[in-house]
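Letter by letter, the chains look like this.
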Amino acid sequence: MYIKFLLSMTLLFCSTLTVAATGKLLATPGVSQVEGSAGGGLVPWAQLAGYASEDEWAVNGFCSRADVTDYRLGACGVQLNLFNRVELSYAVQQFDVPALNTEIEQSISGAKIRLYGDVVYSKWPQLSMGVQHKSLDDGTVANLVGAKNTRGTDVYLAASKLHLGALAGYNWFWNVTTRYSKANQLGLLGYGGANEGSHILLEASSAVFVSRELAIGIEYRQKANNLGLGEQDWRDLFIAWMPNKHVSVTAAYLDLGRIAGVDKQTGWYLSVTGYW
Amino acid sequence: MKISVFIFCCLSLLLGCTTQPNTSLYQQLGEQAGLEKLTDSFIAQIGNDKQVFHYFEHSNISHFRQGFISHLCSLLEGPCEYKGDSMVAIHTGMNINEKDFNHVVDLLINAMKEQNIPHTVQNEILAKMAPLRGEIIKI
């Protein structure tokens, strides 16, 4: 598989380097979002992936897995941070529908640019703009459910801020993202449909750091119901562990609502990111 | 959503109990004695560090120690007035980058951990110091 080759080449390349980027404070880059951007689990954040400060670059790799009642999603990807100004990412998602014995694969190329600020130090929140270009490997299922396209591009604007000691001495983080998207279920069910409404969607995250290494938070991601299959907003409750500047592990309880006509898709999410 | 509401209730309870509204950070740090111990730990952290030691190589340690103690004391609302040089005057020409600045923050956090300063007090101290960054880096 292409992504495995890419990941192993990246690992090989990175293992030849002795110095990893460590210029940011612990935990401040966030973790890896299911479409490959730096973020929470569901929402892309304003931070750029990895520990590169403005004089460094960083490479990260991640794999995530979500198991809900009737479906399973796996995603792996790589991220490149250039001088904490530009983030480039590439991810591949595999969506399993055991009931239909079907697998849907989608690749996502992402780019994010930091427009203003620093999530910790600037007076106003860090602000970034990003794009995620997504393309389905095989559009059979998307066409079957009535999607208009098998590829699409999301554009988002994200604002993030970490407030030191703000909640009775605990550090408090929040992020708000607005996204333009025509995607149905991340694009796994194609783009657009007969029931299209507004394409502007709201996403948000909030977390409290109970220690330097451990954050507990919630996320919300608004979804459009382009296909008329009752697609619902997503939410999760997550715990992220960032023991050092080389690895992070995130676990979450997911509530993804109705997916492709099947109600109450809840379950678990696990994600690991490695940083060089 | 029930679970998240429950956890957030627990969390707010936990947070509520740790509030100490009428005590200054200076007092929570253990006043002058606590401030001195923290500063000595911080100096030891810097002295053992390869990445940033060179910035301090030619500084007078006792001058730095006195200045740091009185500056922090006044920042944390202790009974001191900082009369030393301004942050800008001290750091001009040092050209400290973001990475090295954050590394010194890491060293200060190590020193605070070493002195068993509670996590919440550590954060509140960092919150007082963070706004000084603009007067320290890239000048």
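Scroll up to find the structure this text is about.
Residues numbered from 1 in each chain as written. Chains lettered and ligands numbered in written order. Predicted model: local features only at pLDDT ≥ 70, side-chain atom pairs only at ≥ 80, totals over all residues.

Participant: Sorry, what's going on with the overall build of chain A here?
Facilitator: When you go through chain A residue by residue, the secondary structure sums to 2 helices and 14 strands. Over its C-alpha atoms chain A spans a radius of gyration of 18 Å, differing by no more than 12% from the 19 Å that the globule rule assigns to 276 residues. In terms of principal-axis extent, the alpha carbons of chain A reach across some 50 × 45 × 30 Å. Looking at chain A residue by residue over its 276 residues, the buried ones come to 50%. Taking the intrachain contacts of chain A between residues at least 6 apart in sequence as the baseline, contacts between residues at least 24 apart amount to 59%. (Helix = DSSP H or I, 4+ residues; strand = E, 2+ residues; numbered from the N terminus. Rg over C-alpha atoms; globule rule 2.2 N^0.38 Å. Buried ≥ 20, exposed ≤ 12 C-beta atoms within 10 Å, placed from the backbone. Contact = placed C-beta atoms within 7 Å.)

Participant: When you look at the nonpolar core in this model, what are you seeing that I'm missing?
Facilitator: A general tendency of soluble globular proteins is for nonpolar side chains to be buried together. Membership of the largest hydrophobic core comes to 59 residues, with the highest contact counts inside it found for Ala75, Leu189, Val208, Phe209 and Ala215 of chain A. Ile109, Ile117, Val121 and Ile125 of chain B belong to the second largest nonpolar core, which has 18 residues in total. (Core = buried A, V, L, I, M, F, W, Y, C linked by C-beta atoms within 7 Å.)

Participant: What's the story with unusual backbone geometry in this structure? I'm lost.
Facilitator: Note on backbone geometry: most residues besides glycine have negative phi, and most peptide bonds are trans. All names here are of chain A. Phi at alanine 27 takes a positive value of approximately 75°, unusual for a residue other than glycine. Note on placement: alanine 27 falls in the loop between helix H1 (2-15) and strand E1 (31-32). Although it is not a glycine, alanine 260 sits at a positive phi angle of roughly 50°. Topologically, alanine 260 is positioned in the loop between strand E13 (247-255) and strand E14 (266-275). Among the residues examined, alanine 260 registers 20 C-beta atoms within 10 Å and is labelled buried.

Participant: What exactly am I supposed to notice about helix H5 (residues 61-75) of chain B here?
Facilitator: Since one α-helical turn is 3.6 residues long, residues separated by three or four positions face the same way. Given a rise of 1.5 Å per residue, 15 residues ought to cover 21 Å, and the 21 Å separating the end C-alpha atoms of H5 of chain B matches this to within 8%. A positive phi of about 60° marks glutamate 77 of chain B, the residue just after H5 of chain B. (Expected span 1.5 Å × (residues − 1).)

Participant: Whenever I open this one, the environment of glutamate 135 of chain B confuses me. Can you help?
Facilitator: Residues and elements named next belong to chain B. Along the chain, glutamate 135 falls in the segment after helix H8 (119-129). According to the C-beta neighbour criterion, glutamate 135 is partly exposed, with 14 such atoms within 10 Å. Sequence separation between glutamate 135 and methionine 87 is 48 residues, and the spatial gap between their C-alpha atoms is 5.8 Å. Not counting residues up to four positions away in its chain, the partners in contact with glutamate 135 are Met87 and Val88.

Participant: Mind showing me how you'd approach the interface of chain B and chain A here?
Facilitator: A common measure of how large an interface is: the accessible area buried when the components associate. Facing the 22 residues of chain B at the interface are 22 residues of chain A. With 7 residues, H8 of chain B is the single largest residue contributor to the side of chain B that touches chain A. By residue class, the composition of the side of chain B that touches chain A is 9 nonpolar, 9 polar and 4 charged. (Nonpolar A, V, L, I, M, F, W, Y, C, P; charged D, E, K, R; others polar.)

Participant: Which parts of the structure should I look at to understand the packing of helix H3 (residues 31-47) of chain B against helix H7 (residues 98-114) of chain B?
Facilitator: Helix packing for two helices is described by the angle between their axes and how far apart those axes are. All names here are of chain B. Running from N to C, H3 and H7 point in directions that differ by 130°, and their axes come no closer than 8 Å. Relative to H7, the element H3 lies oblique. Crossing geometry of H3 relative to H7 is assigned as right-handed. Listed contacts from H7 to Leu38, Ser41, Phe42, Gln45 and Ile46 of H3 are Leu107, Leu108, Asn110, Ala111, Met112 and Glu114. Its residues assigned to classes, the contact of H3 with H7 comprises 7 nonpolar, 3 polar and 1 charged. (Axes fitted to C-alpha atoms, helices over the stretch in contact; angles between N-to-C directions. Parallel < 35°, antiparallel > 145°, perpendicular 65-115°, else oblique. Left-handed = near helix turned anticlockwise from the far one by under 90°.)

Scope: geometric values only; no functional claims are made or implied.
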